[in-house]
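# Summary of the model geometry
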Amino acid sequence: MEKHPPPEKSESFSKNFNRRIANLGSPRRNPEDSAKSESEKLADDDAYIEDPLSESDIAALFEEVDQFLQALYNAGDDGSNLIPEVPGAVHSLSKMVDSTVSRYNAGKYLTRLGRDQDRDSSFFQALDRIAKIAIKLGEFPPNSALISSLNRTTTALQRAMALLDEEFNALLKECKHREVDSKSDRKAAKQSSFKTINESPDQTALPDSSESDDEEFPSFSPETVSNMSIIAGAMISAGYEKECCMTYSFLRHSSFKGMLNKLGYESISIDDIQKMPWETLQSEIDKWIAVVKKCSKSLFPGEWKLCDSVFSDHSFISHTLFSNLTRAVVIKLLNFANAVVLTKRSAEKLFKLLDMYETLRDLIPAINGFPENCKTELISEADGAKSGIGEAVIGIFYDLESSIKSDNAKIPVPGGAVHPLTRYIMNYLKYACEYKETLEQVFQFLDPKMEENRAAARMEENDEASPRKSQLAIQIAKVMDLLDANLAMRSKLYRDPSLRYIFLMNNGRYIVQKIKGSNGITELMGERWCRKRSTNLRQYHKNYQRETWSKVLQCLNHEGLQVNGKVSKPILKERFKSFNAMFDEIHKTQSSWVVSDDQLQSELRISVSAVMIPAYRSFVGRFKQHFDPGRQSEKYIKYQPEDIEGLIDDLFDGNTASMARRRS
């Protein structure tokens, strides 16, 4: 193939142009300089920098270079190894690029790269051409003339790429993170430490879970992002993709790690997690939850937006860089969750695990927005971690059944008060139902006994009044049945039948109040189930009345007092003596019994008064005339009706000294 001649120009323009190019960035040299390498010559150019070319000179230079590039492409297209003669414009282009780099390095420009649009436009256009020339020349068989031109363009290109890499690095470091409000960002979604039975479990409450508004991340200005995009595009087009990606990846990994550290999160080994006391681990879980939420809502979307903007014309590169960064972070976060699951299972961990389950559940949609080349694997990993937590949650619920079955101590609670087990279980269930939707998801997808329990539920649903129960409702019903059986067993530890019913009333009332105070339990179990428990409570009340006061009321029965049509005084005396003894004993005993619910206590006293006061007033009013006034009357009519009413108000106070106080 014939060599293509250089483009024609007028002689006056050519001489002027070549003279300007020859002086561009060329210091006076010693004769020994001819022996120097191209890179050494270029380094020497930093000592002397001419004014840059005019716009018209640059346009003419670009035109001649473009013609040469077209000739190169034509030569390559026909399979020929003949290369067109390299025109002086290529050498001039190299010197132009090198001169611009030297001026940037020497600080001759008032603004950095990316701040002067016209100047930078010419520079990047020159880089694009010199990169194409270097790449294309490298495809031809080497010869002496070619090697000289190739070395010149390659060396100039390398210096330019070093400048771009440095500038790219500086732009990436411009990101300034706003201060993170550690208090608000580290709040857990719910109060996760379930209080033990010795720590006033009735007062469990959810804290304020409001979070501070998410700031934009990362905080680069649009101008900075645009400049990074231009530089990245130039480096990639010039074949410096690896260097560009390494700089971007290193600095964004470092920045992301810095943000996580500001949130208080650090990687913890599985061994350290296993050894942590629960109080310490709770704090780490709170940090983990805050970090995962921050990643889902702000950090990952912001990082993807940045990466996609910087490498907007190179989707494969942006996907790869973003995937590498996020995968490393997500895997570390998931490893923490998996390690927590491996710690010893205990009831107190349920609510923290549920917080973690919800956090991972909300993370998965964020991962769904990732590029295809990484989201499938990460979603699978996140689903696996979420399933592991779900299995631990179900295991803890089954442990709750076992704890009730194994709690068979033979010591009754003094005074028939609410048993600690009742307090613990009901507060546990009430608080668990704050997570009703999450628990239903867990049981629906992970419970191995699901089919068996569903079959049992279908049998129960033959009654149309019974609502269809979820798996969680069935599980809570099983726990409640076990608790009822446990309380029934414990009630038999009391020898006094009346005290048995006080015990059952106390515990039953506590259960009903907790159910009424929990919308979650009521929604799960249905109104019919709740009404049945209230019915049972009323029955306990009736049984107490019968066991305690039926014999006392028999003493006040008018029947059987007359003999031969007259009131028998001995029988009447015996009736009053029996009443006084029975009432004294009941008052002495039941004043020490405990009814901690004020409303139940009041209901019991009112119901007793409603039965006893009218009967006693009627009995005394009718038969007191049969006693002589004075000592005989006081001996047998020990109490006036108002005294009885006052003594009834002493019942269920848990106070053994009430009778002595009354008498004094």
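Thresholds applied
Residues numbered from 1 in each chain as written. Predicted model: local features only at pLDDT ≥ 70, side-chain atom pairs only at ≥ 80, totals over all residues. Heavy atoms only, no water. UniProt positions renumbered as here; feature names shortened; annotations may be inferred. Core = buried A, V, L, I, M, F, W, Y, C linked by side-chain atoms within 4.5 Å. Buried < 20%, exposed > 50% of the residue type's maximum accessible area, 1.4 Å probe, protein only. Helix = DSSP H or I, 4+ residues; strand = E, 2+ residues; numbered from the N terminus. Patch = residues over 30% accessible without salt bridge, like charges linked within 9 Å, V, L, I, M, F, W, Y side chains within 5 Å. Areas by Shrake-Rupley, 256 points an atom, 1.4 Å probe, with all protein chains shown as cover. Salt bridge = Lys/Arg side-chain N within 4 Å of Asp/Glu carboxyl O. Lys, Arg positive; Asp, Glu negative; His and termini not counted. Charge placed at Lys NZ, Arg CZ, Asp CG, Glu CD. Axes fitted to C-alpha atoms, helices over the stretch in contact; angles between N-to-C directions. Parallel < 35°, antiparallel > 145°, perpendicular 65-115°, else oblique. Contact = heavy atoms within 4.5 Å. Nonpolar A, V, L, I, M, F, W, Y, C, P; charged D, E, K, R; others polar. Phe/Tyr/Trp six-rings, centres within 6.5 Å; stacked < 30°, edge-to-face > 60°. Lys NZ or Arg CZ within 6 Å of the ring centre and 35° of its normal.

Under an unreviewed UniProt entry, the chain has the name Exocyst subunit Exo70 family protein and belongs to Momordica charantia. The chain has a UniProt comment under Function (unreviewed entry) that states "Component of the exocyst complex." Quoted straight from UniProt, the Sequence similarities (unreviewed entry) entry for the chain says "Belongs to the EXO70 family."

## Let's talk about the nonpolar core
Counting residues in each nonpolar core, the largest one holds 182 residues, and the members touching the most others are L127, F168, W288, F311 and Y544. Here this core gets 14 residues from one element, more than from any other, and that element is helix α14 (residues 372-406).

## Some thoughts on the environment of K577
When you line up the elements, K577 lands in helix α22 (residues 569-590). Relative accessible area serves as the criterion here: at 47%, K577 is assigned to the partly exposed category. Between the C-alpha atoms of K577 and I637, which are 60 residues apart in sequence, the distance is 8.5 Å.

## Considering a negative patch on the surface
Together, E642, D643, E645 and D649 line one region of the surface with negative charge. Mapped onto the secondary structure, E645 falls in helix α25 (residues 641-648). On the basis of relative accessible area, E645 is assigned to the partly exposed category, the value being 38%.

## Quick notes on the packing of helix α16 (residues 436-446) against helix α18 (residues 471-491)
Remark: α16 packs on α18, axes separated minimally by 8 Å, with the N-to-C direction vectors making an angle of 95°. Between α16 and α18, the crossing angle belongs to the class labelled roughly perpendicular. Mapping the contact onto sequence places K436, L439, E440 and F443 in α16 and Q471, L472 and Q475 in α18. Within the contact of α16 with α18, the residues separate by chemical class into 3 nonpolar, 2 polar and 2 charged.

## Quick notes on the pattern of salt bridges
Inspection of the entire model under this criterion finds 17 salt bridges. A salt bridge links D399 to R345; the nearest nitrogen and oxygen atoms lie 2.9 Å apart. On the criterion of sequence distance, the pair formed by D399 in helix α14 and R345 in the loop between α12 (315-341) and α13 (350-368) is long-range, its members being 54 residues apart. In this structure, E523 engages K436 in a salt bridge whose closest nitrogen and oxygen atoms are separated by 3.6 Å. One end of the pair, E523, is in helix α20 (residues 519-525); the other, K436, is in helix α16, with 87 residues separating them in the sequence. For K436, a relative accessible area of 17% gives the class buried.

## Some points on the packing of aromatic side chains
As enumerated under the stated definition, the model contains 23 aromatic pairs in all. On the basis of an interplanar angle of 55° and a centroid distance of 5.2 Å, the ring pair of F351 and Y428 is categorised as tilted. Of the two residues, F351 sits in helix α13 while Y428 sits in helix α15 (residues 420-432), which places them 77 residues apart along the sequence. You'll find F351 and Y428 in the same group, each marked buried. Chaining the aromatic ring pairs together yields one cluster made of F256, F300, W304, F322 and F370. Looking at R129, its charged tip hangs above the ring of F62, at a distance of 4.2 Å from the centre.

## A look at the side chain of S498
As for its position among the elements, S498 is in helix α19 (residues 497-516). When neighbours within four sequence positions are excluded, S498 is seen to be in contact with Y544, E547, T548, Q590 and W593.

## Quick look at the environment of I389
Here I389 lies in helix α14. Each C-alpha atom of the pair I389 and L354 lies 7.8 Å from the other, and the pair is 35 residues apart in sequence. With residues near it in sequence (within four places) discarded, I389 still touches A337, V341, L353, M356, Y357 and L360.

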